[in-house]
Amino acid sequence: MTTIVSYTARPRRLTQALLLAFAVVIGVGAYALVALGRYEELPANLAQVAIGAAVLALALQVAVMWRAPYADPVILPVVVLLNLLGISVIESVHAANDIYGIRSSASADRQLLWAAIGVVLCIAVLVLLRDHRRLRRYTWIFAVSGAVLLLLPLVPGLGSARNGSRIWISLAGFSFQPAELAKIAFAVFFAGYLVSRRDTLALAGPKVLGIHLPRWSDFGPILVAWGFAMAVLILQTDLGTSLMFFGLFVVMLYVATDRLSWLIIGAVMFLPPAVFAATQMGHVRTRITCWLDPLSSANFSSCEQIGQGLFGLANGGLTGAGLGEGRPDVVPHAESDFIFSSFAEELGMVGAFALLLLYLLLVQRAIRAAVGISDGFGTLLAGGLGFVIALQVFVVVGGVTRVIPLTGLTLPFLAAGGSSLVCNWIIAGILVRLSDAARRPAARQVAGAPTAPRPASEVVA
């Protein structure tokens, strides 16, 4: 049975303003509770944090009202809430390290500064990018830029290795992970490339074991992407980044062609390199060992991070130890790689599931924008960016909870780190622009057209 639903598109800026205010209140309240839990008094800089968060939220609201009035009203409030909760947990980890005499470089003040930079860049995206389709003109420029960014850590004197992976660059005393910016460039390139070749790639080739394989001539793009991902895996010994980029390309191939065979082919192609990394690369082999048995007496010294993270998850129980009441100081890198463990210890399973629901809502809104956009480039770009967020959340949470081995990616908007936070704010700005294009009335899509309300539309449910 077909159901016809009529609706009239309208801006929901009041809804977004209320949700932003709600996010700021919850985030600032969490920050205050951390200080009460650690020091039994309100933080001295509570007023500055509250004013800073309110100013950033107000700037986002004004920018959306000015440049993207029909944007999805949920995306930015969810992002602001995730960012503020991350700042609160980072402050809890920093305070615990300070109390127990552990040196820590991450702090809430530094993360708030990176958040301010990210918000400025998010607003810049909304102001400068009036039409997302303009990005398609620079498809190959984004391809070259992404490749250069991804290979920068291999430059002698510029790149640096940490925890067995060479994915960082150091410049003027600052460290940056260029792969975070490269994922945006590659998402734009894949969207522009695939939208112009989707018909060719969708043509059925030979059928083997009930699966329609692509033609041999169509294997070129996926072989190039596979080779590039393998270069990252071998030269930078970074399984997580290579998985993210190859997975992004394969999923966007599936979205572009609607052929399940691409997903199967991609999984088969990535399996042998993953086995090679697990057997031949020392730090990857250690992660596999820690995934299989982190609590044994023989492995606990080398698997201390995941072992202590599991104890933190257990200590959180159902409702958590309370903000500022946990012991994240015993978990190495509790503010970055294992921030989910710190979050779950202090807010419990209830808080952990609420956090995952926020990420699920953000990904759902990205997919909703992808479905609503009329042009194929926007559909692929929104779907690709939504998949990147979903994959990072799955990989990080799965690694902390031992569903899969650790891979070294960061939890979007939550984990400490400037490069990850700033680049994810850029993604948020692009998603807001794409959602505005998806929801904007047809009469206002063309420059100079009258600004009449959108006529009632019919959607087949």
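All values derive from a computational prediction rather than experimental measurement.

### Quick look at the overall build of the protein
Stage number 1. Secondary structure summary: the protein contains 15 helices and seven strands in total.
Stage number 2. Of all 461 residues assigned to the protein, the portion counted as buried reaches 53%.
Stage number 3. Considering only contacts within the protein whose residues lie at least 6 apart along the sequence, 73% involve residues at least 24 apart.
Stage number 4. Per element, the accessible surface of the protein, about 20400 Å² overall, is 67% carbon and sulfur.

### Focus: the nonpolar core
Stage number 1. Core analysis: the biggest nonpolar cluster contains 131 residues, and I222, L381, L411 and W425 have the highest contact counts within it.
Stage number 2. Once you skip the residues sitting within four places of it in the chain, L381 turns out to touch L135, A187, V188, A191, M252, I430 and L434.

### Here's the deal with the state of the cysteines
Stage number 1. In this structure the tally under the stated criterion is one disulfide.
Stage number 2. The disulfide that involves C290 links it to C303, with 2.0 Å between the sulfurs. Because the torsion about its S-S bond is -85°, the bridge between C290 and C303 counts as left-handed. You can see C290 sitting in helix 11 (residues 282-292) and its partner C303 sitting in the loop between helix 11 and helix 12 (304-316), a full 13 residues away along the chain.
Stage number 3. Residue class for C303 comes out buried when judged on its relative accessible area of 2%.

### A word on the packing of helix 3 (residues 75-99) against helix 4 (residues 108-128)
Stage number 1. Two numbers describe how helix 3 lies on helix 4: the axes approach to 9 Å, and their chain directions differ by 160°. With respect to helix 4, the element helix 3 is oriented roughly antiparallel. Where helix 3 crosses over helix 4, the handedness of that crossing is right-handed. Facing helix 3, whose interface residues are L76, N83, I87, I90 and E91, helix 4 presents A108, Q111, L112, A115 and C122.

### Looking at the packing of aromatic side chains
Stage number 1. Tallied over the full model, the rule gives eight aromatic pairs.
Stage number 2. A centroid spacing of 5.8 Å and a plane angle of 35° characterise the contact between F189 and Y193, whose relative ring orientation is tilted. A residue pair is termed a helical-turn pair when its members lie 3 or 4 positions apart in one helix, as F189 and Y193 do in helix 6 (residues 178-195) at four residues. Grouping residues by exposure puts F189 and Y193 together as buried.
Stage number 3. Ring centres 6.1 Å apart and planes at 85° place the aromatic pair F413 and W425 in the edge-to-face group. On the criterion of sequence distance, the pair formed by F413 in the loop between helix 14 (376-400) and helix 15 (418-439) and W425 in helix 15 is long-range, its members being 12 residues apart. As far as the burial class goes, F413 and W425 line up, both buried.
Stage number 4. Following the ring pairs from residue to residue traces out a cluster consisting of W140, F186, F189, F190, Y193, F245 and F249.

### Some points on the pattern of salt bridges
Charged atoms that come close allow side chains of opposite charge to pair.
Stage number 1. Under the defined criterion, the tally for this structure stands at seven salt bridges.
Stage number 2. The salt bridge partner of K183 is E180, with a shortest N-O separation of 2.8 Å. Taken together, the positions of K183 and E180, both in helix 6 and three residues apart, correspond to about one turn of that helix.
Stage number 3. The partner of R327 in a salt bridge is D329, and the shortest N-O contact between them spans 2.7 Å.
Stage number 4. Note on R327: relative accessible area 34%, which makes it partly exposed.
Stage number 5. Relative accessible area serves as the criterion here: at 9%, D329 is assigned to the buried category.
Stage number 6. Within the structure, one salt-bridge network assembled from shared partners comprises R433, D436 and R440.

### Notes on helix 3
Stage number 1. When the terminal C-alpha atoms of helix 3 are compared, their 36 Å separation across 25 residues agrees well with the 36 Å that a helix rising 1.5 Å per residue should span.
Stage number 2. Buried residues dominate helix 3, accounting for 22 of its 25 residues.

### Some details on helix 2 (residues 46-67)
Stage number 1. Over its 22 residues, helix 2 runs 32 Å from end to end, which matches the ideal 32 Å to within 8%, given 1.5 Å per residue.
Stage number 2. All buried positions along helix 2 are accounted for by L46, V49, A53, L56, A57, L60, Q61, A63, V64 and R67. The buried residues of helix 2 occupy an angular sector of 165° when the element is viewed end-on, so they sit on one face. Exposed positions of helix 2 whose direction lies more than 90 degrees from the buried face are Q48, I51, L58 and W66.
Stage number 3. Structurally, helix 2 contributes buried residues whose contacts are with helix 1 (13-39), helix 3, helix 4 and helix 15.

### As for the side chain of Q392
Stage number 1. With respect to the element layout, Q392 can be found in helix 14.
Stage number 2. Residue Q392 is classed as buried on the basis of its relative accessible area of 0%.
Stage number 3. Of note is the side chain of Q392, whose polar atom sits 3.0 Å from the backbone oxygen of T410.
Stage number 4. Beyond its immediate chain neighbours, meaning those up to four positions away, Q392 contacts E180, K183, M244, L409, T410, P412 and N424.

### A short note on the confidence of the model for the protein
Stage number 1. On average, the protein scores 83 in pLDDT, and the residues at 70 or more come to 86%.
Stage number 2. This model gives residues 446-461 a pLDDT under 50, and the stretch forms 28 contacts once residues within four places in sequence are excluded.

Quick notes on the rules
- Residues numbered from 1 in each chain as written.
- Predicted model: local features only at pLDDT ≥ 70, side-chain atom pairs only at ≥ 80, totals over all residues.
- Heavy atoms only, no water.
- Helix = DSSP H or I, 4+ residues; strand = E, 2+ residues; numbered from the N terminus.
- Buried < 20%, exposed > 50% of the residue type's maximum accessible area, 1.4 Å probe, protein only.
- Contact = heavy atoms within 4.5 Å.
- Areas by Shrake-Rupley, 256 points an atom, 1.4 Å probe, with all protein chains shown as cover.
- Core = buried A, V, L, I, M, F, W, Y, C linked by side-chain atoms within 4.5 Å.
- Disulfide = S-S within 2.5 Å.
- Axes fitted to C-alpha atoms, helices over the stretch in contact; angles between N-to-C directions.
- Parallel < 35°, antiparallel > 145°, perpendicular 65-115°, else oblique.
- Left-handed = near helix turned anticlockwise from the far one by under 90°.
- Phe/Tyr/Trp six-rings, centres within 6.5 Å; stacked < 30°, edge-to-face > 60°.
- Salt bridge = Lys/Arg side-chain N within 4 Å of Asp/Glu carboxyl O.
- Expected span 1.5 Å × (residues − 1).
- Arc of directions from axis to C-beta.
- Polar contact = N/O pair within 3.5 Å; in protein donor to acceptor, adjacent residues only side chain to side chain.
- pLDDT = per-residue confidence, 0-100.

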